[in-house]
Amino acid sequence: MLQEQRRDNKGEKYVIGPTGAKLTLNDLPPAGTERWVIRRKAEVVAAVRGGLLTFDEACERYNITSEEFLGWQKAIETHGMAGLRTTRIQSYR
């Protein structure tokens, strides 16, 4: 599912995030985030899909491998946000 990048009345780029709220670059998890809860993973995936960040920028900013990001993306596509739950990862594979 491809996200569409939009601009608000101030010209700021945003996409609709996983919770249905507007998601801008400033709303994304901080660079260097180490604790990855479901919502944060889904926000990064939405940002890349919507063009707020490139794939490479996301991997570098969050120090994650391309395989890790692609795993998040596939989990969302296959099982929705619940697929990102690490405690139940075997249930979703």
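Residues numbered from 1 in each chain as written. Predicted model: local features only at pLDDT ≥ 70, side-chain atom pairs only at ≥ 80, totals over all residues. Heavy atoms only, no water.

**Quick notes on the overall build of the protein chain**
Thought 1: From N to C terminus, the protein chain includes three helices and three strands.
Thought 2: For the protein chain, the succession of helices and strands along the chain, N to C, is β-β-β-α-α-α.
Thought 3: A burial count over the protein chain gives 35% of its 93 residues as buried.
Thought 4: The long-range share in the protein chain, meaning contacts at least 24 apart out of those at least 6 apart in sequence, stands at 48%.
Thought 5: Split by element, the accessible area of the protein chain, about 6,000 Å² in all, is 46% carbon and sulfur. (Helix = DSSP H or I, 4+ residues; strand = E, 2+ residues; numbered from the N terminus. Buried < 20%, exposed > 50% of the residue type's maximum accessible area, 1.4 Å probe, protein only. Contact = heavy atoms within 4.5 Å. Areas by Shrake-Rupley, 256 points an atom, 1.4 Å probe, with all protein chains shown as cover.)

**With respect to helix α2 (residues 55-62)**
Thought 1: Every buried residue of α2 is listed here: A58, C59 and Y62. Relative to the axis of α2, the buried residues are bounded by an arc of 95 degrees and lie together on one face. Looking at α2, the residues exposed on the side facing more than 90 degrees away from the buried face are D56 and E60.
Thought 2: Residues of α2 that are buried make contact with α1 (38-50) and α3 (66-79).
Thought 3: Positioned one or two residues after α2, N63 has a phi angle of 50 degrees, which is positive. (Arc of directions from axis to C-beta.)

**Notes on the environment of K41**
Thought 1: Tracing the sequence through the fold places K41 in helix α1.
Thought 2: Those residues in contact with K41 that sit more than four places away from it in its chain are W36, W72, L84 and T86.

**Here we look at unusual backbone geometry**
Thought 1: The backbone of N63 shows a phi angle near 50 degrees, a positive value even though the residue is not glycine.
Thought 2: Mapping N63 onto the fold places it in the loop between α2 and α3.

**Observations concerning the sheet that holds strand β1 (residues 6-7)**
Thought 1: The strand order across the open sheet built from three strands is β1-β2-β3, with neighbouring strands paired in antiparallel fashion. Each edge of the sheet is formed by a strand with only one pairing partner; in this case those strands are β1 and β3 (22-23).
Thought 2: As judged from the two bridges shared by strand β2 (residues 13-16) and β3, these two strands associate in the antiparallel manner. Along β3, the bridge assignment pairs I16 with K22.
Thought 3: Where α1 meets the sheet, its contacts fall on β2 and β3, and the angle it forms with β2 comes to roughly 120 degrees. (Pairing = 2+ DSSP bridges. Axes fitted to C-alpha atoms, helices over the stretch in contact; angles between N-to-C directions.)

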